[in-house]
Amino acid sequence: MSYQITTFGEVTLPTIMSVEDMSSASIPSTIQVSMGAAFDWRGSGRQFPIQQQIAIRGVYVGTSHADLIPKINSLKGAIGKRDILTRANFSDATTQTRVARLLSVKINQDAEQNAALFAEVEAVFETPTGGWRASTATTASSTAIGTRNISITMDGNIECQDAIITATGSITILTIVSSAIGVNLSWNGTTSGAGNLTIDCGAKTIVRGAANQYNSGFITSSHTARGWLPLAIGTNTITVTTTLTSTVTITAFAVTA
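Note that this is a predicted model, so its numbers are computed, not measured. (Residues numbered from 1 in each chain as written. Predicted model: local features only at pLDDT ≥ 70, side-chain atom pairs only at ≥ 80, totals over all residues. Heavy atoms only, no water.)

### Quick word on unusual backbone geometry
Notably, Ala93 is not glycine yet its phi reads approximately 65 degrees, a positive angle. The topology assignment puts Ala93 in the loop between β7 (82-89) and β8 (94-107). Ala93 sits in the exposed class, given a relative accessible area of 73%. Backbone geometry places Lys204, a non-glycine residue, at a positive phi of 60 degrees. Within the secondary structure, Lys204 is located in the loop between β15 (197-200) and β16 (205-208). Here Lys204 falls in the partly exposed class, since its relative accessible area comes to 39%. (Helix = DSSP H or I, 4+ residues; strand = E, 2+ residues; numbered from the N terminus. Buried < 20%, exposed > 50% of the residue type's maximum accessible area, 1.4 Å probe, protein only.)

### A short note on the packing of aromatic side chains
Scanning the entire structure with this criterion turns up 4 aromatic pairs. Centroid distance Phe8 to Phe125: 5.0 Å. Interplanar angle 55 degrees. Geometry classified as tilted. With Phe8 in strand β1 (residues 3-8) and Phe125 in strand β9 (residues 118-127), this pair connects stretches of sequence that are 117 residues apart. Taken individually, Phe8 and Phe125 each receive the classification buried, so the pair is uniform in this respect. With a centroid separation of 6.1 Å and an interplanar angle of 15 degrees, the aromatic rings of Tyr214 and Trp228 are classed as stacked. Taken together, the residues span a long stretch of sequence, with Tyr214 in the loop between β17 (211-212) and β18 (234-252) and Trp228 in the loop between β17 and β18 at a distance of 14 residues. Owing to a relative accessible area of 6%, Trp228 belongs among the buried residues under this scheme. Three or more aromatic residues joined by ring pairs form one cluster here, namely Tyr214, Phe218 and Trp228. (Phe/Tyr/Trp six-rings, centres within 6.5 Å; stacked < 30°, edge-to-face > 60°.)

### What to know about the side chain of His223
Tracing the backbone through its elements, the reader meets His223 in the loop between β17 and β18. In this structure the side chain of His223 is engaged in a polar contact, spanning 3.0 Å, whose partner is the backbone nitrogen of Asn184. At 3.4 Å, the side chain of His223 forms a polar contact with the backbone oxygen of Ala225. Other than its neighbours up to four places away in sequence, His223 contacts Gly182, Val183, Asn184, Leu185 and Trp228. (Polar contact = N/O pair within 3.5 Å; in protein donor to acceptor, adjacent residues only side chain to side chain. Contact = heavy atoms within 4.5 Å.)

### Side note on the state of the cysteines
Per the stated rule, a full pass over the model turns up 0 disulfides. Free cysteine: Cys160, not disulfide-bonded; nearest cysteine sulfur from Cys201 at 8.5 Å. Note on Cys201: relative accessible area 0%, which makes it buried. (Disulfide = S-S within 2.5 Å.)

### Re the nonpolar core
By size, the foremost hydrophobic cluster in this structure holds 33 residues, and its most contacted members are Leu174, Ile176, Ile199, Leu229, Leu231 and Ile250. Elements that contribute at least two residues to this core include exactly β11 (138-154), β12 (164-167), β13 (173-178), β14 (183-188), β15 and β18. Ranked by the residues each element gives to this core, the list is headed by β18, at 5 residues. The contacts of Leu231, once residues within four sequence positions are left out, are Ile152, Met154, Glu159, Cys160, Ala163, Ile181, Asn236, Ile238, Ile250 and Ala252. Among the nonpolar cores identified, the runner-up in size contains 19 residues, and Val11, Ile54, Tyr60 and Leu85 belong to it. (Core = buried A, V, L, I, M, F, W, Y, C linked by side-chain atoms within 4.5 Å.)

Honestly, it's all geometry; don't read function into it.
Following this line, the structure appears as structure tokens:
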């Protein structure tokens, strides 16, 4: 296979004789049944997956019982925890991650396996994300006053919906527009709070330091995109405007289903 799931947080997952679910997440049905008919409530828009269960099977091998048992216990000890699930990409030696929760650990051993010092393990994880996130962020920025374009090129195979926009300085007005992806956002706030203005498009928050900076007119009537800044695969050109000189940076991670 092209990928192998290797760790869950600090826990090393079994890699010997491993069988791992590399399927994409499934989407919930968008068909709504009404009286005598049915219709697709999503219309022509894309429906994205919102959760997925991932099963991993493999074998832990020990050089002794004292070596094997901690491997088993470390995985079972993570039951119920939410942490980072990591998989290795064999094509380019990079890694990709997803936030996940460990739902169950199944281990069936017979006497022969105990004597041979190996354990067959099956672990099931659940993730609220629709894909695997690149380990390295893609960034693009521009320092200027007034209107300018920022181009950011995304890899992966599904759009990124959790980009982060950062603007430096004591700006009180910031607009973010891209007709190609249906984005039209307009922030008008204050300089209260220390540090940069940070717009987290995944968490749907706008803060400067710890101060909430969200304004009710942020999503304008011209905004048609699902989400705040869904970056498409390929090059996205974003037009930003600030009334003062500011460095505006877009940070995003490529997502692979």
